[in-house]
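So the chains spell out like this:
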Amino acid sequence: MCPDTEILSAFTDGELAPEWSSRVEEHLNQCEACRREVTRFGQLTSMLHSRSAADEEAEEGARIRVWRGIMRRRNKRAYMPLLMRYLRLPLPAFLLLAFVSMGIGALTTSLIEGPVHAVAEKELPSIPEEIGIHNAEELIRYLQENENGVNITIQLPDEPHFVVVGEPELLRTAEYRQGE
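A. Region of the structure containing the overall build of the protein chain. Tallying secondary structure elements over the protein chain gives 7 helices and 0 strands in all. Here the protein chain, with 180 residues, has 8% of them falling under the buried criterion. Nonlocal contacts in the protein chain, meaning residues at least 24 apart in sequence, comprise 47% of its contacts between residues at least 6 apart. Accessible surface, the protein chain: about 17,200 Å² in total, of which carbon and sulfur atoms supply 58%.

B. A look at the packing of helix H2 (residues 18–30) against helix H3 (residues 32–49). Packing of H2 against H3 brings their axes to within 6 Å, and their N-to-C directions diverge by 115°. For the element pair H2 and H3, the recorded crossing hand is left-handed. Taken together, the residues of H3 that come into contact with H2 (itself represented by His 27, Leu 28, Asn 29 and Gln 30) are Glu 32, Cys 34, Arg 35 and Val 38. For the contact of H2 with H3, a count of residues per class yields 3 nonpolar, 3 polar and 2 charged.

C. Region of interest: the nonpolar core. Leu 8, Phe 11, Val 24, Leu 28, Cys 31, Cys 34, Val 38 and Phe 41 form the largest nonpolar core, which has 8 residues in total. Only helix H1 (5–13), H2 and H3 provide two or more residues apiece to this core. A total of 3 residues in this core trace back to one element, the largest contributor, which is H3. Leave out the neighbours within four places in its chain, and Val 38 touches Leu 8, Phe 11, Thr 12 and Leu 28.

D. View of H3. Compared with an ideal rise of 1.5 Å per residue, which puts 18 residues at 26 Å, H3 spans 26 Å between its outermost C-alpha atoms and is within 8% of the ideal. Looking only at H3, the buried set comprises Cys 34, Glu 37, Val 38 and Phe 41. Axial view of H3: buried residues confined to an arc of 95°, hence all on one face. Exposed positions of H3 whose direction lies more than 90 degrees from the buried face are Arg 36, Gln 43 and Met 47.

E. Region of interest: the packing of aromatic side chains. Following the criterion strictly, the structure yields 0 aromatic pairs and no others. It is Arg 23 that lies over the ring of Trp 20; its NZ or CZ is 5.3 Å from the centre. The ring of Phe 41 carries the charged tip of Arg 40 above its face, separated from the ring centre by 5.3 Å.

F. Fine view of the pattern of salt bridges. Taken as a whole and assessed by the stated rule, the structure comprises 4 salt bridges. Here Glu 59 ties to Arg 63 by a salt bridge, and the two come within 3.1 Å at their closest N and O atoms. Separated by 4 residues within a single helix, Glu 59 and Arg 63 lie in helix H4 (residues 53–75), roughly one turn from each other. Its relative accessible area of 35% is what places Glu 59 among the partly exposed residues. Owing to a relative accessible area of 46%, Arg 63 belongs among the partly exposed residues under this scheme. Between Arg 63 and Glu 60 there is a salt bridge, with its nearest N and O atoms 2.6 Å apart. Placement of both Arg 63 and Glu 60 in helix H4 is noted, with a separation of 3 residues, approximately one turn of the helix. With a relative accessible area of 37%, Glu 60 lands in the partly exposed category.

Definitions and limits used
- Residues numbered from 1 in each chain as written.
- Predicted model: local features only at pLDDT ≥ 70, side-chain atom pairs only at ≥ 80, totals over all residues.
- Heavy atoms only, no water.
- Helix = DSSP H or I, 4+ residues; strand = E, 2+ residues; numbered from the N terminus.
- Buried < 20%, exposed > 50% of the residue type's maximum accessible area, 1.4 Å probe, protein only.
- Contact = heavy atoms within 4.5 Å.
- Areas by Shrake-Rupley, 256 points an atom, 1.4 Å probe, with all protein chains shown as cover.
- Axes fitted to C-alpha atoms, helices over the stretch in contact; angles between N-to-C directions.
- Left-handed = near helix turned anticlockwise from the far one by under 90°.
- Nonpolar A, V, L, I, M, F, W, Y, C, P; charged D, E, K, R; others polar.
- Core = buried A, V, L, I, M, F, W, Y, C linked by side-chain atoms within 4.5 Å.
- Expected span 1.5 Å × (residues − 1).
- Arc of directions from axis to C-beta.
- Phe/Tyr/Trp six-rings, centres within 6.5 Å; stacked < 30°, edge-to-face > 60°.
- Lys NZ or Arg CZ within 6 Å of the ring centre and 35° of its normal.
- Salt bridge = Lys/Arg side-chain N within 4 Å of Asp/Glu carboxyl O.

Structure follows, in structure tokens:
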């Protein structure tokens, strides 16, 4: 049984324990396929360890290009929406800003509520009790005739009156879809 490729790779790199190395050597003396695999691993290792001047220049050029790209992106100011930006304020400045904002809010509220209270205090006309509107059509007609603001109170009955129309019936889906 042949050893795993990971074991052969570790043997090539000298990473196996001595007792395992001796077993792999015995196997390599008998197995041509594993010998080719170890030879291939050895060639790959030597290729990775041998570097030419051209490889080193290419590596240095790539390193410089990557570094320039990083620095360009770092120096380039990206647009960030206003709501996504951080605002750093010292605590006293933040408290002062909060009090000024509350003051502006209170002033605005008092200016807006002044006229509202005047309207609310003014008596609005209401539907005289003796008119007695009994349905929605009469109410709509009355509102169209009187364009002034009107207070309307709708009296609901004390007890609900439900009208049962027909009896509940169970239908099968086939019967229900028959009318479609």
